[in-house]
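Now for the letters of each chain:
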Amino acid sequence: MPKVKDGKKESKDSSEQKKSPAAAPEEVIAGEHCPFCNNKTLTLMDTKKEIPYFGSCFLFSMDCSSCGYHKADIELEQQHDPCKYTLDIDSEKDMSIRVVKSSFATIKLPHIGDITPGASSNGYVTNVEGILQRMIKQTEQIRDNEEEDEENRKKAKNIIKKLHRVIWGQEKQKLIIEDPTGNSAIISEKAILEKLKVKKEE
Ligand SMILES: [Zn+2]
């Protein structure tokens, strides 16, 4: 099963948030120092976004026009407990279900793979199809990597086929999102919300 670190090899995030007219940035600070290339070409953006049937959230992003550095995250206006959402995807209609994912969230697609949070993870608002497309993109990197062994590349190929069938509503699939910060959600009556048990360090 492929375990992929979120955000790797991605420069830009889901176009979802750019399409929405409600997402005009509240605050833009340009000409900041980029921690990666040291140019003063970093733009910080802070946008409030209304998510129907859910509430408001804040989108933060940093973009450097010199080196292409991109980092984004999301925070809900109201504080939420550590959460675990489970959704049974069983039709094409489910593709449009909204998903809010913070950079701390782990996405689990049982029997397919996980997207685990890392330093380069981003937060974003997308939908179920957006999550599945991301998984396809990342699995394609395994399939197309000639250094990967034959067995793994074959597995990747089958997973991509399966994901396409899920998108077309031909196959059922479970989608689980766990977020210890509580800043993620699957916005659907079909989604089951449970409290996430967070392991405390002793
Ligand atoms: Zn830069």
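Scroll up to find the structure this text is about.
Residues numbered from 1 in each chain as written. Predicted model: local features only at pLDDT ≥ 70, side-chain atom pairs only at ≥ 80, totals over all residues.

Novice: Give me the overall build of the protein: which residues, what numbers.
Specialist: Scanning the protein from terminus to terminus reveals 3 helices and 13 strands. Residue pairs in contact within the protein that sit at least 24 positions apart in sequence constitute 66% of those at least 6 positions apart. (Helix = DSSP H or I, 4+ residues; strand = E, 2+ residues; numbered from the N terminus. Contact = placed C-beta atoms within 7 Å.)

Novice: Let's hear about the sheet that holds strand β12 (residues 185-187): which residues, and what values?
Specialist: With respect to topology, 3 strands assemble into an open sheet ordered β10-β7-β12, the strand pairing being antiparallel. Each having just a single partner strand, β10 (124-127) and β12 make up the two edges of the open sheet. Pairs of neighbouring strands in the sheet enclose a mean axial angle of 20 degrees, with direction left out of account. Note: strand β7 (residues 98-101) against β10, 4 bridges, orientation antiparallel. Counterpart to V99 in the pairing with β10 is T126. Each of β7 and β10 touches helix α2 (residues 128-143); the most contacted strand, β10, lies at about 100 degrees to it. (Pairing = 2+ DSSP bridges. Axes fitted to C-alpha atoms, helices over the stretch in contact; angles between N-to-C directions.)

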